[in-house]
Amino acid sequence: MTALHMMILLPIFSVVLIALFARFVPRIHTGWAALIVPVILFSGFISYAPEIINGGTITASVPWSPGLDLYFDIHLDGLSLLFAFLITGVGILVFFYSIFYLSKERESLGHFYSYLLMFMGAMLGIVLTDHLMVLYLFWELTSISSFLLISFWYRRRKSQYGAQKSFLITVFGGVAMLVGFIMLYVMSGTYSIQEIIAMRSSLVEHDLFIAALILVLLGAFTKSAQFPFHIWLPDAMEAPTPVSAYLHSATMVKAGLFLVARFTPLFGGEAVWFWLVTGVGLFTMFWGAFTAVRHNDLKALLAYSTISQLGLIMSLLGIGSAALYIGDGVDSMLYTTAIFVALFHLFNHSTFKGALFMVVGIVDHKVGTRDIRKLGGLIAFMPVTFTLALISSFSMAGLPPFNGFLSKEMFFTATLNANEMTFFSMETWGLLFPIVAVVGSIFTFTYSAIIVFRTFFGKYRPERLEKTPREASIGLLLPPAILCTLVVGIFFFPNVLSEYILTPAMNAVLPSFAGVEGLIPEVYAWHGFNTELLMTAIVVGMGLLLVKATPLWREVYSFFPPRLSLDAAYQRALAGTEIRSRQITDSYMTGFLRHYLYYIYGFLILTVGGALIWSDSISVNIADDAPAGTYEIILTVIMAVSAVSILFVNSRKTATLLNGVLGYCIAIFFVLFRAPDLALTQLVVETVTTVLFLLCFYYLPDWKPEDRNLKVKIPKVIISISMGALTVLIALAVQNQKMFETISTYYEDAYELAGGRNIVNAILGDFRALDTMLEVVVLFIAGIGVYTMIKLKGKEADKTDERK
């Protein structure tokens, strides 16, 4: 196990220690212990940075199940390192922020930090693994841990709903992605992502290539909240603010973007990939920004703004993939810039959006509401919080001197370059790219301004607030202040980030372009008077107009009735699925035991019997069989008569006794075949089961007349005869299809190998020791269950007596 493997597993293994810490050290906030983990991880990734910055790649592998081609493969390159820094760096700030946000007296901190650490480990697993199946494992672990985090306040109905919704949608995408991964394995014969990418030229013409492409994108779109799967993200805002700041700004929603970036060298250059990634991304950007303005809850507004920003980054990854269609050349440099901007804005978004979530959490924490209609005038009470909100909001709006301005300007450049494409039918649709970019940015500016001006300016109305406003503590202000410092610092020194973080990540996304001169653009705060600046001016001007005239045009949202929304469609689909599932379940869960036995035995008869007949495995050869003796024939006749009689008796007691006759006859057979120990075991088991059946049936009502009619008995006869015939067929198939040499000769040496004179005892005690031990454990567990039920029953009886 290498150090990189341990770095992935450290947060997951720490879950147990954190739970114990919370249990036995209640006086100290559990967050202080949990904070150690991301600090260690962040420091560890810094130690790997020099090698990655110099163009290196670190790989490691640990066998998991070689027979199934499962290996815990690690591939640390520039793209992985970028995400690892976000996961651990933002994680440090979120953990620190949560210490002052969550009360150790009122919250279950052991659970909270266990879930958060589990999620951190899963995210690191996603970005570092090079094995498709291991990636899928961590992918679904993020869904499970995020479900637990979103539903942390599980007593709230909205928290339960939001957790269920996010889980269903993201797991649906994850299963689709799994099918795509299996297709990739079928095409390539390997689970290694890097090996599959290296085989691209031989895979593009495969019949499954496009299908795998679409299925992988389904996983990416659901996880990164792309339209129409974005509906889970607003409901996920019911999670505590530290969760929103971590999962929904810097990590979980970025997993889909990572997946698209990782598979761009494989699928990029395909028209289907270009249009799906770019088209869905641009529409998501517009729709998220347009919808954000209608909401009055600050976290809901931030949720839709996150959707919009994720769509922006997704569209850039799509535009940049066109470079692989062109190949090496000067023209392709126009589109490789889009990949750079995607990575640049991805980092910027994590800084300003993480800060914004924390600021909104501070407002909610100190004022008691997130409703914009109740807020106003908070600048006089919370000047530091206002400053942080101003920096992060204006960066999101794309204004100088903040890092969002730089990546937004370059986004406009990328859409203008896309408009000049002469392939992928861009001659017809290319103009839509910069138009949608401008319109979406106008609404982005609008909701960014609303966050600042509606919250901190205007009239102060204390009667609408639950608490008296006051400035937050340094513990709550420090994490967003650090992020805002990055927001401003990157604006003035963008090429430091570009050289040490973005360039290695760029080389990982476009490995065929690595080292090409001009691949990494220089980032400048001022590009002169150009089209991009004009587009920015339009955004600011129209945005200010929309903010000023918001009451006049917000009625446009009334043209989108809630019953026709995607949320309503999801709820109808969920309700319909539940109703239909209940109907189907009620159709076969009748409450009659005989029906359940029909299903079980009928399934066995059809599958096993059909397989035997289809495989032509049945053959009869009695030449080598020993002749049947008189006693054996008599016992067989007795058993046959008893078995048939069970079908026609009218008493459960009689049926039980006849069933016991079958068991005792089998014991006599063991005596005839000289196996006295098995005969004794059979006699004991049969006696006990017969007595237990009689005790149970004593409390059951007598058979009703309708239970004796032919409609009930005929299916029983058919099932019984069929199962008997199937058993005979299996015995014949086993007897006449001896594919391997018998192992009985091995046990003849039981005395020499195990020191046992009785072969059966030696098999049970030595050769099958582990199996026997597990059987004893099962009996032990069953005994504990019986004991627990008796104790609980006793306590209930005591409570009943007390109430009396």
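Located above this text is the structure these notes cover.
Conventions used here
- Residues numbered from 1 in each chain as written.
- Predicted model: local features only at pLDDT ≥ 70, side-chain atom pairs only at ≥ 80, totals over all residues.
- Heavy atoms only, no water.
- Helix = DSSP H or I, 4+ residues; strand = E, 2+ residues; numbered from the N terminus.
- Areas by Shrake-Rupley, 256 points an atom, 1.4 Å probe, with all protein chains shown as cover.
- Lys, Arg positive; Asp, Glu negative; His and termini not counted.
- Charge placed at Lys NZ, Arg CZ, Asp CG, Glu CD.
- 1 Å grid on protein atoms, 1.4 Å probe; cavity = no way out; pocket = protein on both sides within 12 Å on 5 of 7 lines; lining within 4 Å.
- Points joined across faces, edges and corners; volume = space filled by probe spheres on them.
- Nonpolar A, V, L, I, M, F, W, Y, C, P; charged D, E, K, R; others polar.
- Core = buried A, V, L, I, M, F, W, Y, C linked by side-chain atoms within 4.5 Å.
- Buried < 20%, exposed > 50% of the residue type's maximum accessible area, 1.4 Å probe, protein only.
- Contact = heavy atoms within 4.5 Å.
- Expected span 1.5 Å × (residues − 1).
- Phe/Tyr/Trp six-rings, centres within 6.5 Å; stacked < 30°, edge-to-face > 60°.
- Lys NZ or Arg CZ within 6 Å of the ring centre and 35° of its normal.
- Axes fitted to C-alpha atoms, helices over the stretch in contact; angles between N-to-C directions.
- Parallel < 35°, antiparallel > 145°, perpendicular 65-115°, else oblique.
- Left-handed = near helix turned anticlockwise from the far one by under 90°.

Caption draft 1: Fine view of the overall build of the protein chain. Helix and strand counts for the protein chain come out as 34 helices and two strands. Its C-alpha atoms give the protein chain principal-axis dimensions of about 110 × 75 × 55 Å. Put simply, the protein chain shows about 38900 Å² of open surface, and 67% of that area lies on carbon and sulfur atoms. If you average the places of the 51 positive and of the 53 negative side-chain charges in the protein chain, the two averages end up 17 Å apart.

Caption draft 2: Layout of the layout of surface pockets. Here the second largest pocket defines a volume of roughly 940 Å³. As for the second largest pocket, its lining consists of 33 residues, of which Pro 234, Asp 235, His 295, Tyr 304 and Asp 567 are closest to the centre. Sorting the residues of the lining of the second largest pocket by element identifies helix 6 (157-188), helix 10 (232-235), helix 13 (271-292), helix 14 (298-320) and helix 25 (566-588) as the ones contributing at least two each. No other element matches the four residues that helix 25 contributes to the lining of the second largest pocket.

Caption draft 3: Spatial organisation of empty space enclosed by the protein. A complete count under the given rule lists five cavities of 30 Å³ or more for this structure. Of the volumes computed, that of the largest cavity is approximately 80 Å³. Surrounding the largest cavity, 13 residues form its lining, Gln 309, Leu 312, Met 396, Lys 408 and Thr 444 being those nearest its centre. When contributions to the lining of the largest cavity are tallied by element, the ones reaching two or more residues are helix 14, helix 17 (383-397), helix 18 (403-419) and helix 20 (432-456). Taken together, the residues of the lining of the largest cavity break down into four nonpolar, eight polar and one charged.

Caption draft 4: Structural view of the nonpolar core. Among the nonpolar cores identified, the biggest contains 223 residues, and Phe 45, Phe 181, Leu 184 and Phe 263 are the most heavily contacted of them. It is helix 16 (residues 333-367) that provides the largest number of residues to this core, a total of 21 residues. Apart from residues no more than four positions distant in its own chain, Phe 45 is found in contact with Leu 4, Met 7, Leu 81, Ala 84, Phe 85, Thr 88, Leu 124 and Leu 128. Leu 612, Ile 719, Met 723 and Leu 726 belong to the second largest nonpolar core, which has six residues in total.

Caption draft 5: Geometry of helix 29 (residues 676-698). Taking 1.5 Å per residue, 23 residues should reach 33 Å; helix 29 reaches 33 Å between its end C-alpha atoms and fits that length. Every buried residue of helix 29 is accounted for by Ala 679, Gln 682, Glu 686 and Thr 690. Contact partners of the buried residues in helix 29: helix 28 (652-672).

Caption draft 6: Quick peek at the packing of aromatic side chains. A complete count under the given rule lists 53 aromatic pairs for this structure. For the pair Phe 286 and Phe 290, a centre-to-centre distance of 5.7 Å together with 15° between the ring planes defines the contact as stacked. On the criterion of helical spacing, the pair formed by Phe 286 and Phe 290 is a turn pair, its members being four residues apart in helix 13. Phe 286 sits in the partly exposed class, given a relative accessible area of 22%. An aromatic cluster is built from Phe 227, Phe 283, Phe 286, Trp 287, Phe 290, Phe 443, Trp 553, Tyr 557 and Phe 560, whose rings are joined through pairwise contacts. If you follow Arg 594 out to its NZ or CZ, it ends over the ring of Phe 592, 4.7 Å from the centre.

Caption draft 7: The arrangement of helix 9 (residues 209-223) in detail. Look at helix 9: 22 Å from first C-alpha to last across 15 residues, which is about the 21 Å you get at 1.5 Å a residue. With respect to burial, helix 9 is a largely interior element, 11 of its 15 residues being buried. All buried positions along helix 9 are accounted for by Phe 209, Ala 212, Leu 213, Leu 215, Val 216, Leu 217, Gly 219, Ala 220, Phe 221, Thr 222 and Lys 223. Phi turns positive one or two residues past the end of helix 9, at Ala 225, with a value near 60°.

Caption draft 8: Just the environment of Leu 431, in detail. By the secondary structure assignment, Leu 431 is in the loop between helix 19 (426-429) and helix 20. Between the C-alpha atoms of Leu 431 and Ala 418, which are 13 residues apart in sequence, the distance is 8.5 Å.

Caption draft 9: Fine view of the packing of helix 6 against helix 9. At a closest axis distance of 7 Å, the pairing of helix 6 and helix 9 adopts a crossing angle of 150°. One finds that helix 6 runs roughly antiparallel with respect to helix 9. Along this stretch, helix 6 crosses helix 9, giving a crossing that reads as left-handed. Contacts between helix 6 and helix 9 pair Ile 169, Thr 170, Phe 172, Gly 173, Ala 176, Met 177, Val 179, Gly 180, Phe 181, Met 183, Leu 184 and Met 187 from the former with Phe 209, Ala 211, Ala 212, Leu 215, Val 216, Leu 218, Gly 219, Thr 222 and Lys 223 from the latter. Class assignment for the residues of the contact of helix 6 with helix 9 results in 15 nonpolar, five polar and one charged.

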